[in-house]
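# Working through the structure, step by step
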Amino acid sequence: MDSLALLDQAQATHHLQEDDLLQLIEDQTINDALFAAADRVRQKYVGNEVHLRALIEFTNICRNNCLYCGLQCQNRAITRYRMDPGQVLHLAQQAAQYGYKTVVLQGGEDAFFTVDRLVPLLRQLKKLHLAVTLSIGERPRADYQAFKEAGADRYLLRIETTDQALYEKYHPGMSFENRLRCLRDLKELGYETGTGILVGLPGQTSRSLARDILFFKQLNADMIGLGPFIPNPDTPLKDAPAPQLTPALKIMALTRLLLPDINIPATTSMETLEPNGQIKALQSGANVIMPNITDEKQRRLYALYPGKNTAAAGTPLLYRRQLEARLKAAGRSVSTSYGGHVSKHSTP
Ligand code: SAM
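Residues numbered from 1 in each chain as written. Predicted model: local features only at pLDDT ≥ 70, side-chain atom pairs only at ≥ 80, totals over all residues. Heavy atoms only, no water.

On the basis of which strands lie adjacent, the open sheet formed by six strands has the order β2-β3-β4-β5-β6-β8 and parallel pairing. Pairing within the sheet leaves two strands with one partner each, and these edge strands are β2 (54-59) and β8 (223-224). The pairing of strand β6 (residues 192-195) with β8 spans two bridges and is classified as parallel. Considered in β8, the bridge of G194 is made with M223. Across the face of the sheet, helix α4 (residues 85-98) comes into contact with β2 and β3 (102-107) while running at roughly 170° to β2. In the packing of helix α5 (residues 115-126) onto the sheet, contacts are made with β3 and β4 (131-135), and the angle to β4 comes to roughly 150°. (Pairing = 2+ DSSP bridges. Helix = DSSP H or I, 4+ residues; strand = E, 2+ residues; numbered from the N terminus. Contact = heavy atoms within 4.5 Å. Axes fitted to C-alpha atoms, helices over the stretch in contact; angles between N-to-C directions.)

So this is what it looks like as structure tokens:
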């Protein structure tokens, strides 16, 4: 079928076969039509509001060795830090004062943060009437259950790629099966579950990207966070080709067409590649932004990839005010609700 007809079909039915997705990923002549279609579907299902989530990067200590990531345990070029629970609570209090309704606690897989340390913190955070998202990697099901019972609402764990051979190549010592197990556990335990991928990993094919999107649908994901892979000079993938924004925007837009009512962030990595990257993403299917409220010094040490911190420079309050103005100028408003996934579309 002609690509524009496939776009019409996706917009109307929210279904595409793997080969259709492949065609749309590879056809560079339909990019503007794809972005416009995703923007219409976003508008129809989740409206013009943008949900802002305050991101706290609370530890850069990680036991894993993901070959693309600046936090990988073998990277000796960064100074490691860990916030104590009191500092996390203090930042969350500030987030609530700034008007945020959600805090996202993200970090490396740091053994210090046991259930016994995190559960009391989660209970304190819930007293602030905030929704809490965790993004702290792979844990046993019992840990996820304890965090849920203590009040965690959402969990972000990117599958990174559904190409198992590629996954295993870039995650030495980790198991693809365990990552899937984590995502299934999170879903079963009632978390709003977010996953996502890196777009542009060396060796990644258009077909594997098409399968990634079908995986999001099969998981019935509540959020999808995806972004361009940006080579980090302190990692083994330092010589990978220069990153590009358009391929990531395309996968994001196709995700919006197939999962029309989910939450999709315009990611920091998109803004890192282009000054207006996040606004472009909001006009191509995204409806969430996660402003970073981590203190400047620690934010700089949370060095996943180069340029990450210039994308959101300035104090958190000033950044929020400037962002609100930019969103208004782009015809979007800032949500005052918790902004959870409200299902308006069911997969038959
Ligand atoms: N440890 C947690 C986990 O595994 O989910 C959360 C922290 S991890 C650093 C957060 C995300 O950063 C990963 O899911 C990965 O996709 C992204 N990331 C890491 N290195 C990156 C790079 N070089 N370019 C773009 N994104 C990167």
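If you look at the biggest cluster of nonpolar residues, it comprises 108 residues, and the most contacted ones within it are I56, Y68, V103, L105, F147, L226 and L257. Of the residues forming this core, the biggest block, nine residues, is contributed by helix α10 (residues 245-258). (Core = buried A, V, L, I, M, F, W, Y, C linked by side-chain atoms within 4.5 Å. Buried < 20%, exposed > 50% of the residue type's maximum accessible area, 1.4 Å probe, protein only.)

This paragraph deals with the sheet that holds strand β11 (residues 333-334). The strand order across the open sheet built from three strands is β10-β1-β11, with neighbouring strands paired in parallel fashion. The sheet is open, and its two edges are formed by β10 (288-289) and β11, each paired on a single side. Here two bridges tie strand β1 (residues 49-52) to β10, and the two strands are oriented parallel to one another. The residue bridging L52 from the neighbouring strand is I289, located in β10.

With that out of the way, let us pick up the packing of helix α2 (residues 18-26) against helix α9 (residues 206-219). Relative to each other, α2 and α9 sit at 125°, their axes nearing to 9 Å. If you check the angle between α2 and α9, you find them oblique. The element α2 and its partner α9 pack so that their crossing is right-handed. Contacts between α2 and α9 pair E18, D19, L21, L22, I25 and E26 from the former with S206, R207, L209, A210, R211, I213 and L214 from the latter. Of the residues assigned to the contact of α2 with α9, the class counts are seven nonpolar, one polar and five charged. (Parallel < 35°, antiparallel > 145°, perpendicular 65-115°, else oblique. Left-handed = near helix turned anticlockwise from the far one by under 90°. Nonpolar A, V, L, I, M, F, W, Y, C, P; charged D, E, K, R; others polar.)

Its location among the elements puts K44 in helix α3 (residues 31-46). Overall, the relative accessible area of 63% leaves K44 in the exposed class. With 236 residues separating them in the primary sequence, K44 and K280 have C-alpha atoms 18 Å apart.

Summed over all chains, the structure comprises six aromatic pairs. Measuring from centroid to centroid gives 5.0 Å for F112 and F113, while their planes differ by 85°, and the two rings are edge-to-face. Under the relative-accessibility criterion, F112 is labelled partly exposed at 25%. On the numbers, 4.9 Å between centres and 75° between planes, the contact of Y144 with Y155 is edge-to-face. (Phe/Tyr/Trp six-rings, centres within 6.5 Å; stacked < 30°, edge-to-face > 60°.)

Contacts to the ligand come from 17 residues, most closely from Y68, G107, R158, E160 and I230. R158 is positioned with one of its side-chain polar atoms (N or O) 2.8 Å from an oxygen atom of the ligand. At 2.6 Å, a side-chain N or O of E160 approaches an oxygen atom of the ligand. The fraction of the free accessible surface of the ligand (560 Å²) that becomes covered by protein chains is 92%. For the shell around the ligand, the residue count by class is 10 nonpolar, four polar and three charged. (Near = heavy atom within 4 Å. Polar contact = N/O pair within 3.5 Å; in protein donor to acceptor, adjacent residues only side chain to side chain. Areas by Shrake-Rupley, 256 points an atom, 1.4 Å probe, with all protein chains shown as cover.)

What follows covers the layout of surface pockets. Taken as a whole, the largest pocket spans an internal volume of roughly 360 Å³. Contributing to the lining of the largest pocket are 21 residues, with V199, G200, L209, Q244 and P247 lying nearest its centre. For the lining of the largest pocket, the secondary structure elements donating two or more residues are α2, α9 and α10. Its residues assigned to classes, the lining of the largest pocket shows 12 nonpolar, seven polar and two charged. (1 Å grid on protein atoms, 1.4 Å probe; cavity = no way out; pocket = protein on both sides within 12 Å on 5 of 7 lines; lining within 4 Å. Points joined across faces, edges and corners; volume = space filled by probe spheres on them.)

Of all six residues in β2, six are buried; the element is thus mostly enclosed. Following the chain from β2 across α4 to the adjacent parallel β3, one finds a crossover that is right-handed. (Right-handed = clockwise from strand over helix to strand, strands pointing away.)

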